[in-house]
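Structure at a glance
Next come the chains, spelled out residue by residue.
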Amino acid sequence: MNNVPNNLRTLMRIEELSENQLSRNTGVPQPTIHRVLSGRVADPRDGTLRPLAEYFGVTVEQLRTTLPNSDAIAEPVAAYKVKAIDGQEGMDPDREVMVAEVDVLVSAGPGHHQPEFVETRYRMSYQLSWFQQMGARPEQVRVMKVTGDSMERTLFHGDRVAVNLADNKHIVDGRVYVFTTGGLEPDVKIKRLFKTSDGRLRIVSDNPDKALYPDEILAADDAANVYVIGRVIDRSGRGGL
């Protein structure tokens, strides 16, 4: 008998976690957690369950069979706290909102160009209360996927970040931003940014290997060709803001 769905729901209820929050805390993809909870996976792999079990302080075997002192837990849990959404159906619009993942496309040429967003099939559900806490509007937030290891151990390759597109006018020193470079070979980057008093821009990678990822200093003219897409306000995966 597959006891994982019920056991996982119980543990999530104790800590009042949604699937989306659990995904961000463990690095297990939200769709995977959703499939496990729905019972679609009859026998989840140990590799899938191990980070979940470790997070809650139980063993994989206990997660599969019987939780410690589970008989004492009987309080029901609100459904919205233990589910994530593959689509709009079943979503509680009073508490949740879906945020689309986008790929960012940039054009080559002199100066900076406003990037084009192309939506992927991936969606991530967020509680509306979270947007209020972050001071962000749902329609101004997009999910983007991290590539490369220049921001480890904050952001790992494959992590997903929530980016506030409205927070792109004034750089706050030391915050993580997604931005595009100009020129003939434009690129999309995610780094910590710092502005100097003379208008230069310092671009910093969190990876401690500065031989591979040295700080970049852009003169004021070059900094003018940088287009800030938005500030990173959340992440889902192995890293940690």
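Per chain, the residues get numbers from 1 upward, laid out in the order the sequence is written. Only residues with pLDDT of at least 70 are given local features in this predicted model, and only at 80 or more are side-chain atom pairs given and counted; all residues enter the totals for whole chains, interfaces and linings. To get the side-chain values, all heavy atoms of the structure are used, and hydrogens and water are removed first.

1. With respect to the pattern of salt bridges
By convention in these notes, a salt bridge is any Lys or Arg side-chain nitrogen within 4 Å of a carboxyl oxygen on Asp or Glu. A complete count under the given rule lists eleven salt bridges for this structure. Between Arg231 and Asp167 there is a salt bridge whose closest N-O contact spans 2.7 Å. A residue pair is termed long-range when its members are at least 10 positions apart, and Arg231 in strand S9 (residues 227-236) and Asp167 in the loop between strand S4 (160-164) and strand S5 (176-180) qualify at 64 residues. Side by side, Arg231 and Asp167 carry an identical accessibility label, which is buried. The closest approach of N and O atoms between Asp215 and Lys210, which form a salt bridge, is 3.4 Å. Between buried and exposed lies partly exposed: a residue is buried under 20% and exposed over 50% of the maximum accessible area for its type, with that area taken using a 1.4 Å probe on protein chains only. Residue classification places Asp215 among the partly exposed residues on the basis of a relative accessible area of 34%. Judged by its relative accessible area of 36%, Lys210 falls in the partly exposed class. Residues participating in the shared-partner salt-bridge network are Asp43, Asp46 and Arg64. Elements are defined by DSSP. Helices are runs of H or I of four residues or more, strands are runs of E of two residues or more, and each kind is numbered from the N terminus.

2. Overview of the packing of aromatic side chains
Between 30 and 60 degrees the pair is tilted, below 30 it is stacked and above 60 it is edge-to-face, where a pair is any two Phe, Tyr or Trp rings, Trp via its six-membered ring, whose centres lie within 6.5 Å. If you walk through the whole model with that rule in mind, you get three aromatic pairs. Taken together, a centroid distance of 5.9 Å and an interplanar angle of 65° make the contact between Tyr126 and Phe131 edge-to-face. Counting every residue linked through ring pairs, the aromatic cluster contains Tyr126, Trp130 and Phe131. Both a distance and an angle decide whether a charge sits over a ring: NZ of Lys or CZ of Arg must be within 6 Å of the ring centre and within 35 degrees of the ring normal. Over the ring of Tyr122 we find Arg160; its NZ or CZ atom is 3.6 Å from the centre of that ring. Arg202 extends its terminal NZ or CZ atom over the ring of Phe194, reaching a point 4.4 Å from the ring centre.

3. Notes on the packing of helix H2 (residues 19-26) against helix H3 (residues 30-38)
The axes are straight lines fitted to the C-alpha atoms, using for helices just the contacting stretch, and the angles between their N-to-C directions are given from 0 to 180°. Put simply, H2 and H3 touch, their axes get as near as 9 Å, and they point 125° apart. The pairing of H2 with H3 is recorded here as oblique in orientation. The way H2 lies across H3 gives a crossing that is right-handed. Note on element contacts: H3 touches H2 through Gln30, Ile33, His34 and Leu37, opposite Glu19, Asn20, Leu22 and Ser23. Each residue is assigned to one class: nonpolar for Ala, Val, Leu, Ile, Met, Phe, Trp, Tyr, Cys and Pro, charged for Asp, Glu, Lys and Arg, and polar for all the others, Gly among them. Split into classes, the residues belonging to the contact of H2 with H3 amount to three nonpolar, four polar and one charged. To sort the angles, those under 35 degrees are grouped as roughly parallel, those over 145 as roughly antiparallel, those from 65 to 115 as roughly perpendicular, and the leftovers as oblique. Crossings are assigned a handedness: left-handed for a near helix turned anticlockwise from the far helix by less than a right angle, right-handed for a clockwise turn. A contact between two residues is defined here by any heavy atoms of the two lying within 4.5 Å.

4. Re helix H4 (residues 46-56)
Buried within H4 are the following residues: Thr48, Leu49, Leu52, Ala53 and Phe56. Across the axial projection of H4, the buried residues extend over an arc of 115°, all falling on one side. Among the exposed residues of H4, those oriented more than 90 degrees off its buried face are Gly47 and Glu54. In this structure, the buried residues of H4 make contact with helix H1 (4-14), H2, H3 and helix H5 (60-64). The positive-phi residue at the C-terminal boundary of H4 is Gly57, with phi of around 75°. Read the arc as the range of directions from the helix axis to the C-beta atoms.

That is the geometry; function is a separate question.
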